[in-house]
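Topology and contacts: notes
These are the residues of each chain, in order.
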Amino acid sequence: MDDGIPSHWLHGFLDLALLSLLAAGRDYGYGLTQRLAAAGLGEVPGGTIYPALLRLERQGLAAATWESSASGPRRKYFELTAAGVTALAGLAEQWRGFSASITGLAESARDPLR
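Report follows, based on the coordinates. Because the structure is a prediction, the values reported are computed rather than measured.

With respect to the helices and strands, Thr81 occurs in the loop between β3 (72-80) and α4 (82-110). Residues Thr81 and Ala92, 11 residues apart in the sequence, show an inter-C-alpha distance of 16 Å.

With respect to the helices and strands, Ala92 occurs in helix α4. For the pair Ala92 and Ser108, spaced 16 residues apart in the sequence, the C-alpha separation amounts to 24 Å.

Below, the discussion takes up the packing of aromatic side chains. Evaluated as defined, the whole model comprises three aromatic pairs. Ring centres 5.4 Å apart and planes at 65° place the aromatic pair Tyr28 and Tyr77 in the edge-to-face group. Taken as a pair, Tyr28 in strand β1 (residues 27-28) and Tyr77 in strand β3 lie far apart in primary sequence, 49 residues in all. A single burial state applies to Tyr28 and to Tyr77, both of which are buried. An angle of 45° between the planes, with centres 5.7 Å apart, marks the rings of Trp95 and Phe98 as tilted. Taken together, the positions of Trp95 and Phe98, both in helix α4 and three residues apart, correspond to about one turn of that helix. Look at Phe98 and you get partly exposed, because its relative accessible area is 48%.

It is the contact of helix α1 (residues 7-24) with α4, at a shortest axis distance of 10 Å, that shows an interaxial angle of 125°. When the axes of α1 and α4 are compared, the pair comes out oblique. Seen along the crossing, α1 lies across α4 with a hand that is left-handed. Between α1 and α4, the residues in contact are Phe13, Leu16, Leu19, Ser20 and Ala23 and Gly84, Ala87, Leu88, Leu91, Ala92 and Trp95, respectively.

Parameters and conventions
Here the residue numbering is sequential within each chain, running from 1 through the sequence in written order. Under the rules for a predicted model, residues below a pLDDT of 70 receive no local features and side-chain atom pairs below 80 are neither given nor counted, while totals for whole chains, interfaces and linings still include all residues. Only hydrogens and water are set aside; all other atoms, that is, all heavy atoms of the structure, feed into the side-chain values. Only DSSP runs of H or I covering at least 4 residues are called helices, and only runs of E covering at least 2 are called strands; the numbering of each starts at the N terminus. Two rings from Phe, Tyr or Trp (for Trp, the six-membered ring) form a pair when their centres are within 6.5 Å of each other. A pair whose planes differ by under 30 degrees is stacked, one over 60 is edge-to-face, and the rest are tilted. Accessibility here uses a 1.4 Å probe with only protein chains present; expressed as a share of the type maximum, an area under 20% marks a residue as buried, one over 50% as exposed, and anything in between as partly exposed. Each axis is a line fitted through C-alpha atoms, taken for helices only over the stretch in contact, and angles between the N-to-C directions span 0 to 180 degrees. Put simply, angles under 35 degrees are roughly parallel, angles over 145 are roughly antiparallel, angles from 65 to 115 are roughly perpendicular, and the rest are oblique. Should the near helix be turned anticlockwise from the far one by less than a right angle, the crossing is left-handed, and should it be turned clockwise, the crossing is right-handed. Pairs of residues are marked as contacts when any of their non-hydrogen atoms sit within 4.5 Å.

The following block contains the structure:
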């Protein structure tokens with residue numbers, strides 16, 4: 001991962017990021033990697049994204065289907081399930097609280113006399 005985002009941070013919120021992308025539309029692993037990079041998260045290696053996608057599939061949060069590709073081998077497409085929609089809502093709510101807490105800490109560190 002580049003762009004200065006520590007890899008251990010990404011592991012903490014990768015499920016939320018993938019579920020969010022899948023809520024916007026089904027995609028295959030490399031396509032999701034490109035969308036994560038476009039969102040500013042840098043290049044996510046296949047050794048990180050594919051295990052996360054398989055975990056989401058095993059948990060029933062994403063469903064996968066194999067489809068032919070005009071430009072190469074078949075691709076495994078992932079899409080959000082109903083359980084994934086529910087999980088996304090919960091994770092997003094948890095993220096909002098966590099993010100607000102971290103932002104508050106970072107802001108107070110920037111101006112310690114506040």
